[in-house]
Protein chains: 2
Amino acid sequence: MQIILLSGGSGQRLWPLSNEVRSKQFLKIFNEAGGESMLQRVLKQIRRTCAESTVTIATAKKQLTLLKKYLGENFDLSSEPCRRNTFPSIALAAAYLHDVKGVDADESVVVCPVDPYVDDNFFAQFHMLAAQISADSPLVLMGIEPTYPAEKYGYIIPQTADKISRVVSFREKPNRIDAQKFIDAGGLWNGGVFAFKLGYVLNKAQKLLGMSSHTELAKNYDALPNISFDYAVVEHEENIKVVRYAGEWKDIGTWNTLTEVLESNTTGGGIIQIDEASENLHVINNSDVPIICMGLKNAVVVAGADGILVSDKVASSYIKPFVEHLDQQVRFAEKSWGTFKIIDSDDKSLTVKVTLNRGSQMRYHSHERRDEVWNFIAGKGRVIINGEEKVVRAGDVVEIPVGCKHTVIADEPLKIIEVQLGEDITVEDKILWQVMN
Amino acid sequence: MQIILLSGGSGQRLWPLSNEVRSKQFLKIFNEAGGESMLQRVLKQIRRTCAESTVTIATAKKQLTLLKKYLGENFDLSSEPCRRNTFPSIALAAAYLHDVKGVDADESVVVCPVDPYVDDNFFAQFHMLAAQISADSPLVLMGIEPTYPAEKYGYIIPQTADKISRVVSFREKPNRIDAQKFIDAGGLWNGGVFAFKLGYVLNKAQKLLGMSSHTELAKNYDALPNISFDYAVVEHEENIKVVRYAGEWKDIGTWNTLTEVLESNTTGGGIIQIDEASENLHVINNSDVPIICMGLKNAVVVAGADGILVSDKVASSYIKPFVEHLDQQVRFAEKSWGTFKIIDSDDKSLTVKVTLNRGSQMRYHSHERRDEVWNFIAGKGRVIINGEEKVVRAGDVVEIPVGCKHTVIADEPLKIIEVQLGEDITVEDKILWQVMN
């Protein structure tokens, strides 16, 4: 059995902690085991329940370095050149399995999002889904027994209340009254888990996208339609079966649901004070400044380098358009070599705190439109400036004028306050060079 | 008539925008006239209504530079060596008027806090208060007609409902039920406005503190009891009159009341986004990062360099102990010469953004336990380093090792990213020198 984990979400719903390059699946916000990320948690569960299966992670190219940092190199990755909805993502991953990994078109595939918060039994169902795939039912879904008339999920209406049933129809995210009607009619939540033979999706790709080879799909990825697998495939398939799942299930893709599974009401490194009048309040402080909360009920407060969210828990599910509207510069990012954080931005300058992990280094580069000054505040390493290597340690200052080629190698973990100065500071202003001593 | 404005509050109730050195009376949060502070507003009103009176501002020594910056040198200031409650503060100001300014002991004095938000008519009452002072009623108060059974004010119970009445008794801050009883009994809010002859308070100081000269009071100020004028004097005075005031009155010393008088629901330089489900929400963003608020009702959100407050409006009145508990370093301060703001703090380093106004300069100084690096990011000026003067402009870097005497003069407005490096960085580590070229 092949498992495709869809891990390419933009993480906007968990703003300000997740962003384009620091997606939600990497947030180490589960207290257990000293900070485990969603992705690590799900992978461990799959390893326990589907030991013989092969996992492929479908993810955006932008997130590859971070993914490798967290998981090492021992995973198959379907790298998406840009962000598209689930149909292109699944098609590309299927083509990758077939063309690159040589998986047979007749092998079973289960697709699963990275954000369900469930017990192991959820993943154990995958075997049953795969076993139900047949010419008579080429597509098998997981249906979750609803616990309340949720408005944020799609509903699957099964023919019977058996563990395995044919699907009669689908309903898009309803209002509360309709949601109750669907539940009364035996409806199940659509958890975004799909099972099919590899060839099934390759055929759909050929038919709907006009191509099914990995080379073609990767090359034309940005031109593919931005549509979901549900919309493109599921809603048009006549013969679908659903496997019913009755355990606890939460998609922790929004603050509302994520906070439900956090062990503590307060997390993050920053100071947090909450008065006794507050109830059902979660505060996550990843900022440098203290937070005081008073008299807040059913709310979530999150502060990070990119911004501050204060929201009623239910309302927090609707954050996406507000984040899109911000269109802001990413102020904090975790890279394979360390982190960067913008600590001051002014008209013609940007001040950035850069940390480098032991043994890591920046790429050798220069800038055309800005000077930089490196103020080393901790650690020890070496800089190469226009070909000349020099040892640096805390207290050293290195000036890097426009055009000057430079890099730094961290022999011990390094911390730098980098002051950038120029009329037009952008991340694009970077020319890469080969180091030649 | 002498007016003493009590302007020495710690401003903890308006955290995080006000702090020890940036007290509430300087916050320019009133939109009208492009940002007017409480103090400026009140002084303008007194000038219009009590043109012939002399105003003395009683304030903490720590706030003197900022006060002079905002108001110039044309005000009489009673400078308090440390923070004490209203009785020591009023006694010191009275002694200052008598001993330093030569005011006669028989002259009328009206004491008023700096934070009432009222129309001019409030201050016009001062004449009537002063006129009611007599041997028979040496103390005259302002009583504000209540508009609701407030729990946060003291109540004055007058003998009659006349404009001027004798006082029967006082009631401390009651609960809501008692507050309603006091109102039914004709009670008035105690607005903290007191009128008396100068000699009256000097006698009280002599009697209760054992001293009444300005020299003695100033010298022993930190040993004086930390008690309020109400507690020390008003509650023990048999013969008090009250002048009834019926106009709008708000003490804008808490976020709850302050937000009521703000013209806009959003202020501050930072990006703010609020969803349509939010109601009666005020957001003040003085931080560098955006704030998104969703589904919040009757709340106030304030972000500044010192921290983040998220509070139900009513609950925000009770913030003081939480702020006291923080006991944090001041991260932003406005000085006579400019501003400083901590933008990063690490184990053995502190990074500070310093701005200097045109023509201003730091004092010539050195440090014993830290190196500093000045990264100039805007403006033009001169540094003096160990006696040597040098022109500096944006892009220049000046290294200042331990023991090195240094200062900077801003010929144009200057901006500096100052990186401090040392084991034990404190504001106390500063030795002042005379510049000798």
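The model shown is predicted, which means the values in this text are computed figures rather than measured ones. Numbers given to residues run from 1 along each chain, matching the order in which its sequence is written. Key to labels: chains lettered from A, ligands numbered from 1, both in the order written. Residues qualify for local features only when their pLDDT is at least 70, as the model is predicted, and side-chain atom pairs are given and counted only at 80 or more; totals for whole chains, interfaces and linings, by contrast, use all residues. Hydrogens and waters are ignored; side-chain quantities use all the structure's heavy atoms.

**Q** Kindly report on the overall build of chain A, identifying the contributing residues and their values.
**A** Here a strand is any run of E in DSSP of at least two residues, a helix any run of H or I of at least four, and the numbering for each starts at the N terminus. On a plain count of helices and strands, chain A comes out with 11 helices and 28 strands. In terms of C-alpha radius of gyration, chain A reaches 24 Å, essentially the compact-globule figure of 22 Å for 437 residues. Here's how the labels work: a residue is buried when its accessible area is under 20% of the maximum for its type, exposed when over 50%, partly exposed in between, all with a 1.4 Å probe on protein chains only. Across the 437 residues of chain A, 57% fall into the buried class. Intrachain contacts of chain A at a sequence separation of at least 6 include 67% that bridge at least 24 residues. All accessible-area figures derive from a Shrake-Rupley calculation using a 1.4 Å probe, and residue coverage is judged against the displayed protein chains alone. Surface accessibility of chain A: about 18,200 Å² in total, with carbon and sulfur atoms responsible for 47%. Under this rule, positive means Lys or Arg and negative means Asp or Glu; His and the chain ends count for nothing. Just so you know, the charge point we use is NZ for Lys, CZ for Arg, CG for Asp and CD for Glu. Computing the positive centroid from 48 side-chain charges and the negative centroid from 57, chain A places the two 2 Å apart. Throughout, radius of gyration means the C-alpha value; the globule benchmark is 2.2 Å times the number of residues raised to the power 0.38. For this analysis, residues touch if any pair of their heavy atoms sits within 4.5 Å.

**Q** Explain the relation of the copies chain A and chain B residue by residue, including any values.
**A** The fit set for superposing copies consists of C-alpha atoms from residues with pLDDT of at least 70 in both; the fit itself is least squares. You can overlay chain A on chain B at an RMSD of 0.0 Å; the transform is a turn of 180° with a shift of 0.0 Å along its axis. These values place the two chain copies in the arrangement generated by a two-fold rotation axis. Distance from the rotation axis, computed per C-alpha, reaches its smallest value in chain A at A:Ile343: 2.9 Å. By residue overlap, the copies meet face to face through one surface: 100% of the interface positions of chain A are interface positions in chain B.

**Q** Give me helix H3 (residues 86-100) of chain A: which residues, what numbers.
**A** Count 3.6 residues to each turn of an α-helix, and residues three or four apart come out pointing the same way. Residues and elements named next belong to chain A. Under the 1.5 Å per step criterion, the end-to-end length of H3 is 20 Å for 15 residues, consistent within 8% with the ideal 21 Å. Taking burial as the measure, the 15 residues of H3 include 11 buried ones, the bulk of the element. Two residues or fewer after H3 comes Gly 102, characterised by a positive phi angle close to 70°. Helix span is expected to be 1.5 Å times the residue number reduced by one.

**Q** Pulling in residues and values, what's your account of the sheet that holds strand S12 (residues 266-267) of chain A?
**A** Taken together, 6 strands build an open sheet; the order of strands is S12(A)-S14(A)-S16(A)-S17(A)-S15(B)-S13(B) and the sheet is mixed. The sheet is open, and its two borders are formed by S12 of chain A together with strand S13 (272-274) of chain B, each paired with just one other strand. Both strand S14 (residues 279-285) of chain A and strand S16 (residues 297-304) of chain A contribute to a ladder of 6 bridges, which runs parallel. The residue of S16(A) that forms the bridge with A:Leu281 is A:Ala299. At least two bridges found by DSSP between two strands is the condition for calling them paired.

**Q** Please provide a residue-by-residue account of the environment of B:Lys61, values included.
**A** Residue and element names in this part refer to chain B. Structurally, Lys 61 is set in the loop between strand S2 (54-60) and helix H2 (64-71). On a C-alpha basis, the gap between Lys 61 and Asn 280 in space is 38 Å, while along the polypeptide they are 219 residues apart. Residues within four places of Lys 61 in sequence aside, it is in contact with Ser 79, Glu 80 and Pro 81.

**Q** Could you give an account of the packing of helix H1 (residues 38-49) of chain B against H2(B), with specific residues and numbers?
**A** All names here are of chain B. Orientation is described by axes fitted as lines to C-alpha atoms, over the contacting stretch for helices, and by angles from 0 to 180 degrees between their N-to-C directions. One can describe the packing of H1 onto H2 by two numbers: an axis separation of 11 Å at closest approach and a directional angle of 55°. Classified by the interaxial angle, the pair formed by H1 and H2 is oblique. Seen along the crossing, H1 lies across H2 with a hand that is right-handed. Only Leu 67, Tyr 70 and Leu 71 of H2 make contact with H1, whose side of the interface consists of Leu 39, Gln 40 and Leu 43. As a working rule, the residues Ala, Val, Leu, Ile, Met, Phe, Trp, Tyr, Cys and Pro are called nonpolar, Asp, Glu, Lys and Arg charged, and the rest polar, with Gly in that last group. For the contact of H1 with H2, the class distribution of residues is 5 nonpolar, 1 polar and no charged. Convention used here: angles under 35 degrees read as roughly parallel, angles over 145 as roughly antiparallel, angles from 65 to 115 as roughly perpendicular, and any remaining angle as oblique. By the definition used in this description, the sense in which the near helix is turned from the far one sets the handedness, with an anticlockwise turn below a right angle giving left-handed and a clockwise turn giving right-handed.

**Q** Which residues make up the interface of chain A and chain B, and what values go with them?
**A** Listed per partner, the contact involves 54 residues of chain A and 54 residues of chain B. Once two parts are put together, the accessible area they lose, assessed with a 1.4 Å probe and summed over both, is termed the buried area. Interface area for chain A against chain B, summed over the two sides, is near 4,300 Å², with a carbon-plus-sulfur share of 65%. Ranking the residues of chain A by area buried against chain B places A:Ile292, A:Met294 and A:Ile308 at the top, with a combined share of 17%. Between Lys or Arg on one side and Asp or Glu on the other, a salt bridge is scored when a side-chain nitrogen of the former is within 4 Å of a carboxyl oxygen of the latter. Across the contact surface, chain A and chain B share 6 salt bridges. Counted as a polar contact is a pair of N or O atoms within 3.5 Å, where, for protein atoms, one must be capable of donating a hydrogen and the other of accepting one, and residues adjacent in sequence contribute only when both atoms are in side chains. Taken together, the connections running from chain A to chain B amount to 21 residue pairs in polar contact (both at pLDDT 80 or more). The element contributing the most residues to the side of chain A that touches chain B is strand S17 (residues 307-312) of chain A, with 6 residues. Residue composition of the side of chain A that touches chain B, by class: 31 nonpolar, 13 polar and 10 charged. Inspection of the sheet shows S17(A) paired to strand S15 (residues 291-294) of chain B by 4 bridges, in the parallel sense. By the bridge assignment, A:Val310 is partnered in S15(B) with B:Cys293.

**Q** So what's going on with the sheet that holds strand S15 (residues 291-294) of chain A? Which residues, and what values?
**A** With mixed pairing, 6 strands are arranged side by side in an open sheet as S13(A)-S15(A)-S17(B)-S16(B)-S14(B)-S12(B). Two strands bound the open sheet, and with one partner strand each, they are strand S13 (272-274) of chain A together with strand S12 (266-267) of chain B. Note that S12(B) and strand S14 (residues 279-285) of chain B share 2 bridges and pair parallel. If you follow B:Thr266 over to S14(B), its bridge partner there is B:Val283.

**Q** I'd love a proper account of a negative patch on the surface, names of residues and values included.
**A** For patch building, the residue pool is restricted to those with more than 30% relative accessible area and no salt bridge; the joining distance is 9 Å between like charges and 5 Å between nonpolar side chains (Val, Leu, Ile, Met, Phe, Trp, Tyr). Taken together, the side chains of A:Asp371, A:Glu399, B:Asp371 and B:Glu399 present a region of like negative charge at the surface. The topology assignment puts A:Asp371 in strand S22 (residues 371-378).

**Q** Tell me what's going on with the packing of helix H3 (residues 86-100) of chain B against helix H7 (residues 198-209) of chain B, and back it up with residues and numbers.
**A** Residues and elements named next belong to chain B. For the pair H3 and H7, interaxial distance at closest approach is 9 Å and the crossing angle is 125°. The orientation of H3 with respect to H7, classified from their angle, is oblique. By crossing handedness, the relation of H3 to H7 is classed as left-handed. Where H3 abuts H7, its residues Phe 87, Ile 90, Ala 91, Ala 94, Ala 95, Leu 97 and His 98 lie against Leu 198, Val 201, Leu 202, Lys 204, Ala 205, Leu 208 and Leu 209. Classifying every residue of the contact of H3 with H7 by side-chain character gives 12 nonpolar, 1 polar and 1 charged.

**Q** Tell me about the side chain of B:Lys313, and please be specific about residues and values.
**A** In this structure, B:Lys313 sits in the loop between strand S17 (307-312) and helix H11 (320-326). In this structure, B:Lys313 is in contact with B:Asn256, B:Thr259, B:Asn280, B:Leu281, B:His282, B:Asn298, B:Ala299 and B:Val300, ignoring residues within four places of it in sequence.

**Q** Summarise the confidence of the model for chain A; cite the residues concerned and give the values.
**A** pLDDT: the predictor's confidence for each residue, scored from 0 to 100. The share of residues in chain A with pLDDT of 70 or more is 95%, and the mean pLDDT across the chain is 90. In the predicted assembly, ipTM is 0.79 and pTM is 0.79.

**Q** Tell me about the environment of A:Ala277, and name the residues and values.
**A** Residues and elements named next belong to chain A. Tracing the backbone shows Ala 277 in the loop between S13 and S14. Sequence separation between Ala 277 and Met 294 is 17 residues; the distance between their C-alpha atoms is 6.8 Å. Excluding residues that lie within four positions of it along the chain, Ala 277 makes contacts with Gly 295 and Lys 297.

**Q** Hey, could you go over the environment of B:Gly8 for me, with residue numbers and the actual values?
**A** Residues and elements named next belong to chain B. Its place among the elements puts Gly 8 in the loop between strand S1 (2-6) and H1. Judged by its relative accessible area of 17%, Gly 8 falls in the buried class. Measuring from C-alpha to C-alpha, the distance between Gly 8 and Pro 225 comes to 16 Å, with 217 residues separating the pair along the chain.

**Q** An account of the side chain of B:Gln132 is requested, with residue identities and associated values reported.
**A** Examined against the element boundaries, B:Gln132 turns out to sit in helix H5 (residues 126-132). Those residues in contact with B:Gln132 that lie beyond four places of it in its chain are B:Ser137, B:Val140, B:Ile164, B:Lys241 and B:Val243.

**Q** Can you explain the pairing of strand S16 (residues 297-304) of chain B? Please cite residues and give values.
**A** Each regular strand carries side chains that alternate between the two faces of the sheet. Residues and elements named next belong to chain B. The buried fraction of S16 is high, at 6 of 8 residues. Looking at chain direction, S16 and S17 are connected through 6 bridges and run antiparallel. Pairing of Val 302 across the sheet is with Leu 309, part of S17. Linking S16 back to S17 in an antiparallel pair, the connection comprises 2 residues.

**Q** Talk me through the pairing of strand S20 (residues 349-356) of chain A; I want residue IDs and the actual numbers.
**A** Residues and elements named next belong to chain A. Among the 8 residues that make up S20, 8 are buried, leaving the element largely enclosed by the rest of the structure. Alternating positions in S20 separate into two faces, Ser 349, Thr 351, Lys 353 and Thr 355 on one and Leu 350, Val 352, Val 354 and Leu 356 on the other, with burial throughout. Adjacent in sequence and paired antiparallel, strand S19 (residues 338-346) and S20 are bridged by 2 residues. One ladder, built from 8 bridges, connects S20 with strand S27 (residues 414-421); its direction is antiparallel. Among the inter-strand pairings, Lys 353 is bridged to a residue of S27, identified as Ile 417.

**Q** Hey, could you go over the pattern of salt bridges for me, with residue numbers and the actual values?
**A** In this structure the tally under the stated criterion is 36 salt bridges over all chains. Put simply, A:Lys101 and A:Asp76 hold a salt bridge, and the shortest N to O gap is 3.0 Å. Highlighted residues: A:Lys101 in the loop between H3 and strand S4 (108-113) and A:Asp76 in strand S3 (residues 76-80), separated in sequence by 25 residues. By relative accessible area, which is 41% here, A:Lys101 ends up partly exposed. For A:Asp76, a relative accessible area of 16% puts it in the buried group. The partner of A:Lys348 in a salt bridge is A:Glu423, with the nearest N and O atoms 3.6 Å apart. Highlighted residues: A:Lys348 in the loop between S19 and S20 and A:Glu423 in the loop between S27 and strand S28 (431-432), separated in sequence by 75 residues. With a relative accessible area of 44%, A:Lys348 lands in the partly exposed category. Each of A:Asp344, A:Asp346, B:Lys353 and B:Lys415 takes part in one network of salt bridges that share partners.

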